[in-house]
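Now for the letters of each chain:
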Amino acid sequence: MKRIALLGATGSIGRQALEIIDAGPELELCALAAGSTDVSGLAVERGVRNFQSGGDLVALLEACEPDLVLNAVVGFAGCRATLWALEQGVTLALANKESLVAAGELALTAKERGGGLLLPVDSEHSAVFQCLEGRTVEEVVSIVLTASGGPFRGRSRAELQRVTPEQALAHPTWQMGPKITIDSATLANKGLEVIEAHFLFGLPYEQIEVIVHPSSIVHSLVRFRDGAALAHLGYPDMRIPISFALGYPDRPATTIQPLDLASGLTLEFQELDEETFPLVSLAREAGRTGGSAPCAYSAANEVAVEAFLGGQLCFLGIAEVIERALARADTSAARDLGALVEADTAARRVAAEEVARIERL
Ligand code: MG
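In short, a report on the structure. (Residues numbered from 1 in each chain as written. Predicted model: local features only at pLDDT ≥ 70, side-chain atom pairs only at ≥ 80, totals over all residues. Heavy atoms only, no water.)

**What about the coordination of the magnesium ion?**
At step 1: Coordination sphere of the magnesium ion, protein contribution only: Asp122 (OD), Glu124 (OE) and Glu193 (OE), at 2.0 to 2.1 Å.
At step 2: Spacing between the donor residues of the magnesium ion along the chain follows D-x1-E-x68-E. (Donors = N, O, S within 2.8 Å, 3.2 Å for Na, K, Ca; no water.)

As structure tokens, this is what we get:
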């Protein structure tokens, strides 16, 4: 039996993970947590004694002695749990990309000390992880992260001036929570994923490509030095990467329908319009700057997305706020989690000031 602590149990990833755990004879739920939603019903139904809503997750994790932590918390709030699992050498199935983006080097150091596994749940990174299995970084020319392009693919900046939260929340291929759906519309999600890939796979930024692929069938590719490119294909269904991470190193059966190749499947790829969607190149810049710049990028994005959803910021203002917050951020590296929390707090304060400034214009 594999004992699983599920953090972020009531979100989109959490609910799909519960479905997989409930159906998996080898998987046992040992803890449940959510940011604010009550999880007592979910816990009682499953006979899980360790559960909590809100608060610090470390005490819960220590009490439940998991073999695997599935971190599906949204945003920087997931940092402590990510660092705890890595430090303890407990397998970490990571859906909370923001924690790896923000904690970066600290997370890698913790992983080295703990000696455990870090398994990506993000669909692109799970795809890359699978294409890379058994290979060394020397054999890799680049990894290619695919992006659906979101609901505003093909639009110009002028056309994005007046888009509403409702329009931005209507993602064409993926059903997800509000934060990541807005991140997909601005392409901040792909920016975060570029930084996530850098830390997961140990590749420099020039070896991490992004390509737009509207149907989201190819989840990512790896180009090797012999000219071969390996790709991972499937319908856009998060249960596949969740199941892969929970079952690893096995590949358990799921009820997901096989890919129907003869039904007119098209694999179309396009270059990313960096002018309309500047957040991928801004993420690369933050990644190259290093230190706490990726933390500032992610923190400013969280503040800007919340302001957009709350009607205080226009859609194009999101990138504007992140760019300004990054320019003002102290990007020196955080020595520990306390320093990282300070960097995150400072970036949020600056981003909130920029939101207010843009609002007044
Ligand atoms: Mg993804």
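Now that the structure has been shown, we can carry on.
**What to know about the pairing of strand 10 (residues 229-233)**
At step 1: Sheet topology places strand 9 (residues 218-224) next to strand 10; five bridges connect them, and they run antiparallel. In the strand pairing of strand 10, Val222 is matched with Leu230.
At step 2: In sequence, strand 9 turns back onto strand 10 through a hairpin of four residues, with Gly227 there showing a positive phi of about 95 degrees. (Pairing = 2+ DSSP bridges. Helix = DSSP H or I, 4+ residues; strand = E, 2+ residues; numbered from the N terminus.)

**Quick look at a nonpolar patch on the surface**
At step 1: Taken together, the side chains of Leu233, Leu267 and Phe269 present a nonpolar region at the surface, about 250 Å² in accessible area.
At step 2: Inspection of the secondary structure puts Leu233 in strand 10. (Patch = residues over 30% accessible without salt bridge, like charges linked within 9 Å, V, L, I, M, F, W, Y side chains within 5 Å. Areas by Shrake-Rupley, 256 points an atom, 1.4 Å probe, with all protein chains shown as cover. Salt bridge = Lys/Arg side-chain N within 4 Å of Asp/Glu carboxyl O.)

**Remarks on the sheet that holds strand 7 (residues 140-147)**
At step 1: Pairing is mixed across the open sheet formed by four strands, whose spatial order is 8-7-9-10. Lying at the two open borders of the sheet, with one neighbouring strand each, are strand 8 (208-212) and strand 10. Neighbour-to-neighbour, the strand axes of the sheet open up by a mean angle of 20 degrees, direction not taken into account.
At step 2: Of the pairings in the sheet, the one linking strand 7 to strand 9 comprises five bridges and is antiparallel in character. Bridge pairing in strand 9 places Ser142 opposite Arg223.
At step 3: In this fold helix 6 (residues 123-132) packs onto strand 7, strand 9 and strand 10, with an angle of close to 40 degrees to the strand it touches most, strand 9.
At step 4: Along the sheet, helix 10 (residues 188-201) contacts strand 7 and strand 8; its crossing angle with strand 7, the most-contacted strand, is approximately 150 degrees. (Axes fitted to C-alpha atoms, helices over the stretch in contact; angles between N-to-C directions. Contact = heavy atoms within 4.5 Å.)

**Section: the state of the cysteines**
At step 1: Inspection of the entire model under this criterion finds zero disulfides.
At step 2: In this structure Cys30 is not part of a disulfide, and its nearest cysteine sulfur, from Cys64, lies 3.7 Å away.
At step 3: Cys30 gets classed as buried once you look at its relative accessible area, which sits at 4%. (Disulfide = S-S within 2.5 Å. Buried < 20%, exposed > 50% of the residue type's maximum accessible area, 1.4 Å probe, protein only.)

**Some words on helix 12 (residues 279-289)**
At step 1: Buried within helix 12 we find Leu279, Val280, Leu282, Ala283, Arg284, Ala286 and Gly287.
At step 2: On its buried face, helix 12 sits against helix 9 (178-186), helix 10, strand 8, helix 13 (293-309) and helix 14 (315-328).
At step 3: One or two positions beyond helix 12, positive phi appears at Gly290, with a value near 70 degrees.

**Topic: the side chain of Asn96**
At step 1: Topologically, Asn96 is positioned in the loop between strand 5 (91-94) and helix 5 (97-114).
At step 2: At 2.9 Å, the side chain of Asn96 forms a polar contact with the backbone oxygen of Val73. (Polar contact = N/O pair within 3.5 Å; in protein donor to acceptor, adjacent residues only side chain to side chain.)

**Comments concerning a negative patch on the surface**
At step 1: Together, Glu271, Asp273, Glu274 and Glu275 line one region of the surface with negative charge.
At step 2: Note on placement: Glu275 falls in the loop between helix 11 (239-247) and helix 12. (Lys, Arg positive; Asp, Glu negative; His and termini not counted. Charge placed at Lys NZ, Arg CZ, Asp CG, Glu CD.)

**Description of the environment of Ala283**
At step 1: Positionally, Ala283 belongs in helix 12.
At step 2: You can call Ala283 buried: its relative accessible area is 0%.

**A word on unusual backbone geometry**
Excluding glycine, most residues fall at negative phi; most peptide bonds, likewise, are trans.
At step 1: Between Tyr248 and the following residue, Pro249, the backbone shows a cis peptide bond with an omega angle of 5 degrees.
At step 2: Mapping Pro249 onto the fold places it in the loop between helix 11 and helix 12.
At step 3: For Glu65, which is not glycine, the phi dihedral falls at a positive 45 degrees.
At step 4: Looking at the element boundaries, Glu65 is found in the loop between helix 3 (58-64) and strand 4 (68-71).
At step 5: The phi torsion at Ser216 lies on the positive side, around 55 degrees, for a residue other than glycine.
At step 6: Here Ser216 lies in the loop between strand 8 and strand 9.

**Here's the deal with the sheet that holds strand 2 (residues 27-34)**
At step 1: Taking strand neighbours across the sheet as the criterion, the six strands line up as 3-2-1-4-5-6 in an open arrangement whose pairing is parallel. On the outer flanks of this sheet lie strand 3 (50-53) and strand 6 (118-120), each paired with one strand and no other. Strand-to-strand, the axes of this sheet are offset by a mean angle of 20 degrees, without reference to chain direction.
At step 2: Looking at chain direction, strand 1 (residues 2-7) and strand 4 are connected through four bridges and run parallel. Looking at the pairing, Leu6 lines up with Leu70 of strand 4.
At step 3: Against the sheet, helix 1 (residues 12-23) engages strand 1, strand 2 and strand 4, with an angle of about 160 degrees to strand 2.

**Describing helix 13**
At step 1: With 17 residues, helix 13 should reach 24 Å at 1.5 Å per residue; the first-to-last C-alpha distance of 24 Å fits that figure.
At step 2: Here helix 13 lies mainly inside the structure; 15 of its 17 residues are buried. (Expected span 1.5 Å × (residues − 1).)

**Concerning the pairing of strand 8**
At step 1: Because side chains alternate across strand 8, one face comprises the buried residues Ile208, Val210 and Val212, and the other comprises Glu209 and Ile211, none of which is buried.
At step 2: Looking at chain direction, strand 7 and strand 8 are connected through five bridges and run parallel. Bridge pairing in strand 8 places Thr146 opposite Ile211.

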